[in-house]
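Structure assessment
Take a look at the letters that make up each chain.
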Amino acid sequence: MFYFFFHAPAPTEIYTLSLHDALPISARERKGEVVLDISIDPGSNKSDTRLWLPYPVSDKDQTIEDMRIEGNFTESGIYSHGENGVLMLYAEWSKPVEKQRIRVAYVATAKERVRKDFPSSSTELIPVDVKRYLKGTEFIPLDGVIGKTARKITAGKSGVEEKARAVYDWVVDNLARDPLVQGCGLGDVEVTLAKRSGKCADISSVFVALARASGVPAREVFGLRLGKEDRQDITGGYHCWAEFYLPGYGWVPVDPADVRKIMLVKGLELKDAGKYREYYFGAVDEYRIALAKGSTDYLAPRQKAGPVSYFMYPYAEVNGKPLKWLAAQKKLKYKNTFTAIR
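Residues numbered from 1 in each chain as written. Predicted model: local features only at pLDDT ≥ 70, side-chain atom pairs only at ≥ 80, totals over all residues. Heavy atoms only, no water.

A look at the overall build of the protein
The number of helices and strands found in the protein is six helices and 19 strands. Across its three principal axes, the protein shows a C-alpha extent of roughly 60 × 45 × 35 Å. Here the protein, with 342 residues, has 54% of them falling under the buried criterion. As presented, the protein carries roughly 15,300 Å² of accessible surface, and 51% of it is formed by carbon and sulfur atoms. (Helix = DSSP H or I, 4+ residues; strand = E, 2+ residues; numbered from the N terminus. Buried < 20%, exposed > 50% of the residue type's maximum accessible area, 1.4 Å probe, protein only. Areas by Shrake-Rupley, 256 points an atom, 1.4 Å probe, with all protein chains shown as cover.)

Have a look at this one:
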């Protein structure tokens, strides 16, 4: 089921990872304005264009404020995916216009997320609303090679934290970053596991699948890296990490993909990446905001094309056919700009 929250008529890779060389001693923050500009060329068909964007919201780790939406769309609305609560901005163009455009601007304040004060013992009771993150999906299979690999990884391990750490270490040890993969990858778990390489959506999805197959609730976090410069193009800053749920404690961030990216950027071997491995189990840096948590194969209102493997980039359909969002921007063009606020 989908819920509709708001409706209004229309008003008239290249990202270089830079991380702390020392582990943080206190939580940090990053604040700035994010502006997303999108234009769509519908070609000879001047109508029936639909667009979906993740709609970021405030939580204990980030504040999203001063949201502004403008463009020449016919109508728009904020919708929620009923199962996991992912919010999305929907806009459509049903009248002829030469170039379809929309701008979304907001002020984001992100905090470094540190969840490392694990209790010495915890209940193994998983809340009802978290149990859905134990289930397999079309894009997160839990049987076959996934289940077999998960059982091997967690053999002799007990408890959620111990199993989650075993899966995390295995992913870091066995999945390399492939810089030739477009964008953040396709998030295809079985393909990534077979290739033993991919980008952040691929690697994070493998962690989630192996964790769930091990009885550990887990989900992807789809986000955007904030700039480190005072003003910066962050279009290439889309990034996916993961979280697992520790009963009696809460959601714990993990980012094996960034461990592998740092290794690639710095030319490190596994034996030299220890501090990054330790940091990204239970923490992620402040240069990122979450756009959506959990996979969403069908959008709201439901798209006409087939399911999407994940929802992070702008997604658009013209006449019911999806426009490419990972390949070079042609019909669907978008740019994210970050301006720091001190």
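Considerations on helix 4 (residues 200-213)
With 14 residues, helix 4 extends 20 Å from end C-alpha to end C-alpha; this agrees with the ideal 20 Å at 1.5 Å per step. Judged by how many residues are buried, helix 4 sits mostly within the fold: 13 of 14 residues are covered. Phi turns positive, to about 85°, at G215, one or two residues after helix 4. (Expected span 1.5 Å × (residues − 1).)

So, the sheet that holds strand 16 (residues 288-293)
Read across the open sheet, the four strands follow the order 14-13-11-16; overall the sheet is antiparallel. Of all the strands in the sheet, the pair left with one neighbour each is strand 14 (250-254) and strand 16. Sheet twist, expressed as the average angle between the axes of neighbouring strands with direction ignored, equals 40°. Pairing of strand 13 (residues 238-246) with strand 14 involves five bridges; the strand directions are antiparallel. Counterpart to E243 in the pairing with strand 14 is P253. Its contacts with the sheet put helix 4 on strand 11 (218-225), strand 13 and strand 14, and the angle it makes with strand 13 is roughly 15°. (Pairing = 2+ DSSP bridges. Axes fitted to C-alpha atoms, helices over the stretch in contact; angles between N-to-C directions. Contact = heavy atoms within 4.5 Å.)

Focus: the pattern of salt bridges
If you walk through the whole model with that rule in mind, you get 20 salt bridges. Where R115 meets D61, a salt bridge forms, and the shortest distance between an N and an O atom there is 2.8 Å. Here R115 is found in the loop between strand 8 (113-114) and helix 1 (144-153), whereas its partner D61 is found in the loop between strand 3 (49-54) and strand 4 (62-71), with 54 residues between them in sequence. Residue class for R115 comes out buried when judged on its relative accessible area of 15%. Note that E278 is salt-bridged to R165, the shortest N-O span being 2.7 Å. With E278 in helix 6 (residues 274-279) and R165 in helix 2 (residues 160-174), this residue pair connects regions lying 113 residues apart in the sequence. (Salt bridge = Lys/Arg side-chain N within 4 Å of Asp/Glu carboxyl O.)

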